[in-house]
Amino acid sequence: MRSVAPVNQTRAVELDSVTKHYSHGVTALDDVTIGFAAGTFTAVMGPSGSGKSTMLQCAAGLDRPSSGRVIVDGRDLARLGERKLTLLRRDRIGFVFQSFNLLPSLTAEQNVALPLRLAGRRPDRDLVRQSLEAVGLGGRAGHRPTELSGGQQQRIAIARALVTRPAVLFADEPTGALDANTSRDVLRLLRTLVDRQAQTIVMVTHDPVAASYADRVVFLADGRVYGELHDPTAELVSTRMLQLEASC
Ligand SMILES: Nc1ncnc2c1ncn2[C@@H]1O[C@H](COP(=O)(O)OP(=O)(O)OP(=O)(O)O)[C@@H](O)[C@H]1O
């Protein structure tokens with residue numbers, strides 16, 4: 001059963017009137033105001049070029065908005081200098097991508113420990129093992145990425161993103177490179193992390209089935225928020241996407 005959102009839920013991430021201009025007069029985000037409550041799973045959908053990745057990059061502090069505010073874990077990113085922003089990204093924000101980005105020469109355990117090493121911390125073996133167990137791969141600690149399936153590699157990437165216990169996990173098309181069965185395993189894992197550990201997850205996807213694992217789907221078009229769905233089904237998400245594409 002899904003977690004029930006408590007009243008007065010705190011927001012792990014907030015975007016307040018965020019606009020992002022790129023060169024050649026492109027406005028990728030146009031005055032976007034949206035919040036992501038702690039302990040919830042949100043999918044972000046929209047036609048190609050609607051600003052989904054840009055929104056994730058701005059929310060994760062990987063890119064700076066042209067105007068507006070981004071608040072993560074109670075901190076206004078615009079007020080942080082580069083060093084403090086790097087620390088916040090490293091300690092409080094997790095990111096997984098379509099490509100797993102694991103280091104091929106390292107074992108699963110060493111890949112998961114990497115964020116701790118990069119932070120100059122001696123990796124706590126128990127913590128690394130717990131992260132591997134949380135993604136169901138406690139028995140694969142000594143395996144290298146080439147010895148793991150695509151779904152297992154993505155689960156290692158998720159364990160690596162979670163080892164610092166981030167306030168939010170951003171996922172950009174995390175199942176984009178996986179087949180339907182493997183995708184389902186990864187999506188179930190994300191759902192379990194929300195339900196059992198109250199992890200906050202924001203996931204960009206093109207797939208209505210993937211979006212149906214979320215508590216809420218936010219639709220973007222032309223850099224703007226065009227509504228949302230709560231407790232989505234894949235059918236409802238597909239219908240909304242068709243309506244959105246027809247109106248663009
Ligand atoms: N670095 C950049 N420089 C210039 N324009 C960019 C840059 N990055 C993105 N854009 C433009 O910003 C708009 C939004 O792009 P974005 O990648 O956020 O969309 P998206 O919804 O994630 O697309 P897709 O589903 O195709 O991945 C697009 O028009 C894109 O061409």
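- As named in an unreviewed UniProt entry, the protein is ABC transporter, taken from [Actinomadura] parvosata subsp. kistnae.

**Concerning the sheet that holds strand β6 (residues 93-96)**
No. 1: Sheet architecture is open: six strands sit in the order β6-β7-β8-β3-β9-β10, paired in mixed fashion. Each of the sheet's edge strands pairs with one partner strand only, and the pair in question is β6 and β10 (224-230). On average, each strand axis in the sheet is tilted by 20° relative to the strand beside it, whichever way the strands run.
No. 2: The pairing of strand β9 (residues 216-221) with β10 spans five bridges and is classified as antiparallel. Residue pairing in the sheet places V218 in a bridge with E228 of β10.
No. 3: Strands in contact with helix α1 (residues 52-59) are β3 (41-45), β7 (168-172), β8 (201-204) and β9; relative to β8, the strand with the most contacts, it is inclined by about 150°.

**Quick notes on helix α6 (residues 180-197)**
No. 1: For α6, spanning 18 residues, the distance from its first C-alpha to its last is 25 Å, which sits close to the expected 26 Å at 1.5 Å a residue.
No. 2: Within α6, the full set of buried residues consists of S183, V186, L187, L189, L190 and V194. End-on view of α6: buried residues confined to an arc of 150°, all on one side of the axis. In α6, the exposed residues that point more than 90 degrees away from the buried face are N181, R188 and R196.
No. 3: Against β3, α5 (150-162), β8 and α7 (208-211) lie the buried residues of α6.

Cut-offs applied
- Residues numbered from 1 in each chain as written.
- Predicted model: local features only at pLDDT ≥ 70, side-chain atom pairs only at ≥ 80, totals over all residues.
- Pairing = 2+ DSSP bridges.
- Helix = DSSP H or I, 4+ residues; strand = E, 2+ residues; numbered from the N terminus.
- Axes fitted to C-alpha atoms, helices over the stretch in contact; angles between N-to-C directions.
- Contact = placed C-beta atoms within 7 Å.
- Expected span 1.5 Å × (residues − 1).
- Buried ≥ 20, exposed ≤ 12 C-beta atoms within 10 Å, placed from the backbone.
- Arc of directions from axis to C-beta.

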